[in-house]
Amino acid sequence: MKATKRIADATQESLHRIFTVAEAPDSTLGLIEQEMSQNLVGFLNNHIVASENALTDIEQDFIDAQIPEQPAFVSDHMSHLLDKLVSQSVHTSSPSFVGHMTSALPSFILPLSKLMVGLNQNLVKVETSKAFTPLERQVLGMMHNLVYQETSDFYQNWMHSAQHSLGAFCSGGTVANITALWVARNKLLKADGDFKGVARSGLFAALQHYGYQGLAILVSERGHYSLKKSADILGLGQDSVIAIPTDENNKIDCIKLAQKCDELAAKNIKVLSIVGVAGTTETGNIDPLNAMADIAEQHQCHFHVDAAWGGATLLSNKYRPLLAGVERADSVTIDAHKQMYVPMGAGVVIFKDPSSVAAIEHHAEYILRKGSKDLGSHTLEGSRPGMAMLVYSSLHIISRPGYEMLINQAIEKAEYFADIINQHPDFELITKPELCLLTYRYAPKSVQELLANQGKNNDVAGQQHINLLLGKLTKFIQKRQREDGKSFVSRTRIEVGHYNGEKVIVFRVVLANPLTTKEILQDILVEQSKLALESEQFLPELLAAANTK
Ligand SMILES: *Cc1c(COP(=O)(O)O)cnc(C)c1O
């Protein structure tokens, strides 16, 4: 219990203090800082409450729209944060939380982040970042090298050139994809004679000048929704993103892709970009990038590879061939905050041609003067933090072989999980892992046999009915598991080829956390089997259906 409540005042002196005096080591914040720096995982285990409150209950803790008239003591406020915020946060670094692409962080990240925040450099211009600008350019060079493996002369020439950039560092894959397509749009609809280019005259004038009926972005049906956002803000409209069907391995069907290109050309609709996905968000599969590059070449359009999640695989010499053809892309998106174990806010888009970014260059008098090395002249975002430092440090501290071990282990762990799912009579593997991601569901053996029989008899309606029930059961198990708070898998809905392309609800697992053990994976199946038995409606209905056939 708190003693009598202390009252803080907003005075000149107290304001001066918060800018100059550190919290005492034995204050609430001081103690929290020590606990976090000594053992972050322990801190999170201690302060995050496992069982879940309803979001509507949590909202009651964040209901007041008044800006406080009364300042709070830091210690009091820290207690409040521990109680209301930390305790009800998600334990993303827990080894048994295998549902998200957000995973554990190496322990050096925390003090390095503190250094980055303390320096508070603004990467928009050299004036407010100095050494951070060349550092970020080096990181872009290293990521370019990861994808394109150019000669050292190439990097000496372009890495620090004021008129060029090997890419753009940004807050994540969404902004990276937008930037890539922005460059593609402005290069395609460039200035020409009297026409000043799309960047100045807009899309309407550009289409008129070039005589196009419209523009299209072609990506597999597993493409990320950020591409629709991109099409929306670039003025193309979401419907100009055309989803090409995938094969049974969730990879784009290149015959259908080529057909669509021809069909659009006949209608005088120009393909702005073909987008390959290297690691789909839902199933982790990689498109046939070489075949896609051939089609892009044939139709003379931009080829972008969205490797936001799977791009880190290039750090593994063993699995790098899975992305063969990526080096033929005009631009590539990679998120460092996914499989590179950097905290959120770290994405890059890399351009094959160092002069590509000229297409999106902006200048202003007081900053970003022409000829300056200011990174802000070709980034969508303005003020940006020094996140590149965390990528730089991770690449140095972990190194390429270290990343290779992390990536290889993650993929092999996913293969192990797929094996125990396949061996278990009551689970069905839906998509097998190509990278460290797979989907599956709980389906008792007798129900799986029923589905197989229905398949043989072409009983589509019967299968649909069973898949619907299994979907409800999957949802029930996933919610209960999340609420219990011991472990977490996510769920999604995907079309499954061998069920006539029907959309099926599945568990989705991402095995990036190096601390996830085989025992944890075995336990997840045990827990899910138990939870299934607690379903009083869906499981009995399924078993009854299986028994009457
Ligand atoms: C995560 C992801 C994105 C979006 O990245 P954010 O960092 O969340 O903005 C885009 N494409 C793919 C394939 C992704 O996995």
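Higher on the page you've got the structure.
Residues numbered from 1 in each chain as written. Predicted model: local features only at pLDDT ≥ 70, side-chain atom pairs only at ≥ 80, totals over all residues. Heavy atoms only, no water.

J.: Sorry if this is basic, but what is going on with the site of the ligand here?
T.: Around the ligand, the structure places 14 residues, and the nearest of them are T174, D306, D335, H337 and K338. H337 is positioned with one of its side-chain polar atoms (N or O) 2.8 Å from an oxygen atom of the ligand. Out of a free accessible area of 380 Å², the ligand has 87% covered by protein chains. Per-element tally for the shell around the ligand: the top contributor is helix α9 (residues 173–188), with three residues. Split by residue class, the shell around the ligand holds two nonpolar, nine polar and three charged. (Near = heavy atom within 4 Å. Polar contact = N/O pair within 3.5 Å; in protein donor to acceptor, adjacent residues only side chain to side chain. Areas by Shrake-Rupley, 256 points an atom, 1.4 Å probe, with all protein chains shown as cover. Helix = DSSP H or I, 4+ residues; strand = E, 2+ residues; numbered from the N terminus. Nonpolar A, V, L, I, M, F, W, Y, C, P; charged D, E, K, R; others polar.)

J.: When you look at the pattern of salt bridges in this model, what are you seeing that I'm missing?
T.: Where side chains of opposite charge bring their charged atoms close, a pairing between them can arise. For the structure shown, the criterion picks out 18 salt bridges. The shortest N-O distance in the salt bridge between K114 and E33 comes to 2.3 Å. With K114 in helix α6 (residues 109–119) and E33 in helix α2 (residues 28–38), the pair connects residues that are 81 residues apart, well separated along the chain. Using a relative accessible area of 54% as the deciding quantity, one classes K114 as exposed. A salt bridge links K251 to E434; the shortest N-O distance between them is 2.8 Å. Taken together, the positions of K251 in the loop between β3 (241–244) and α12 (254–266) and E434 in the loop between β8 (427–431) and β9 (437–442) put the pair 183 residues apart, joining distant regions of the chain. Under the relative-accessibility criterion, E434 is labelled buried at 16%. Where salt bridges share partners, they join D61, D83 and K84 into one cluster. (Salt bridge = Lys/Arg side-chain N within 4 Å of Asp/Glu carboxyl O. Buried < 20%, exposed > 50% of the residue type's maximum accessible area, 1.4 Å probe, protein only.)

J.: Any chance you could explain the sheet that holds strand β6 (residues 331–335) here in plain terms?
T.: Two modes of strand pairing occur in sheets, parallel and antiparallel, and in both the strands are linked by backbone hydrogen bonds. Taken in spatial order, the seven strands make up an open sheet running β1-β7-β6-β5-β4-β2-β3, and their pairing is mixed. With one partner strand each, in any of the chains shown, β1 (167–170) and β3 form the two edges of the open sheet. In this sheet, adjacent strand axes meet at a mean angle of 20 degrees when their direction is disregarded. Across six bridges, the pairing between strand β2 (residues 214–220) and strand β4 (residues 269–277) is parallel. (Pairing = 2+ DSSP bridges. Axes fitted to C-alpha atoms, helices over the stretch in contact; angles between N-to-C directions.)

J.: Would you take a moment to explain the sheet that holds β9 for this structure?
T.: Read across the open sheet, the four strands follow the order β8-β9-β11-β10; overall the sheet is antiparallel. The open sheet has two edge strands, β8 and β10 (490–496), and neither has a second partner. Direction aside, the axes of adjacent strands within the sheet are offset by 45 degrees on average. Bridge count for β9 against strand β11 (residues 502–510) is four bridges, and the pairing is antiparallel. Paired with Y440 across the strands is F507, a residue of β11. Of the strands in this sheet, β8, β9 and β11 touch helix α14 (residues 388–423), which is tilted by about 20 degrees from β9. (Contact = heavy atoms within 4.5 Å.)

Read these as geometric descriptors, not functional statements.
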